[in-house]
Amino acid sequence: GLGIAIACLFAYFLFLEMLGFLLTSFLFLFGLFWIGNPRRWLLISVLSVLTVGSAYFVFSIILKTPLPSGFLR
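From a predicted model like this one, the values you see are computed outputs, not experimental measurements.

A. Just unusual backbone geometry, in detail. Backbone geometry places K64, a non-glycine residue, at a positive phi of 55°. Structurally, K64 can be placed in the segment after α3 (41-62).

Written out as structure tokens, the structure reads:
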């Protein structure tokens, strides 16, 4: 559990600039939620999208913070 979570965090750090905030954060959260309950993939997907969307809205739209866009430029 813990080793996989640390590996997910390391992968997040490595791929953030290349893949961008939206995709990398979705994959990171999906991986962490999957560790907690791997049988609920639909709920995990929805929670990941909602969490990333909320973070994007707060930081990019409201606070005008530049986030890595990756290949989606």
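Let us keep going from here.
B. View of the environment of S60. With respect to the secondary-structure elements, S60 resides in helix α3. The buried category is assigned to S60, whose relative accessible area is 19%. Leave out the neighbours within four places in its chain, and S60 touches A55, T65 and L67.

C. Spotlight on the packing of helix α1 (residues 2-19) against helix α2 (residues 21-36). Two elements in contact, α1 and α2, have axes whose closest approach is 8 Å; the angle formed by their N-to-C orientations is 170°. One finds that α1 runs roughly antiparallel with respect to α2. Across from I4, A5, C8, L9, Y12, F15, L16 and L19 in α1, the residues of α2 making contact are F21, L23, T24, S25, F28, L32 and I35. Across the contact of α1 with α2, the residue classes tally to 13 nonpolar, two polar and no charged.

D. Examining the side chain of T24 more closely. With respect to the element layout, T24 can be found in helix α2. Within the local environment of T24, its side chain forms a polar contact with the backbone oxygen of G20, the two atoms lying 2.7 Å apart. Among residues more than four places away in sequence, those in contact with T24 are Y12, F15, L16 and L19.

Basis of the calculations
- Residues numbered from 1 in each chain as written.
- Predicted model: local features only at pLDDT ≥ 70, side-chain atom pairs only at ≥ 80, totals over all residues.
- Heavy atoms only, no water.
- Helix = DSSP H or I, 4+ residues; strand = E, 2+ residues; numbered from the N terminus.
- Buried < 20%, exposed > 50% of the residue type's maximum accessible area, 1.4 Å probe, protein only.
- Contact = heavy atoms within 4.5 Å.
- Axes fitted to C-alpha atoms, helices over the stretch in contact; angles between N-to-C directions.
- Parallel < 35°, antiparallel > 145°, perpendicular 65-115°, else oblique.
- Nonpolar A, V, L, I, M, F, W, Y, C, P; charged D, E, K, R; others polar.
- Polar contact = N/O pair within 3.5 Å; in protein donor to acceptor, adjacent residues only side chain to side chain.

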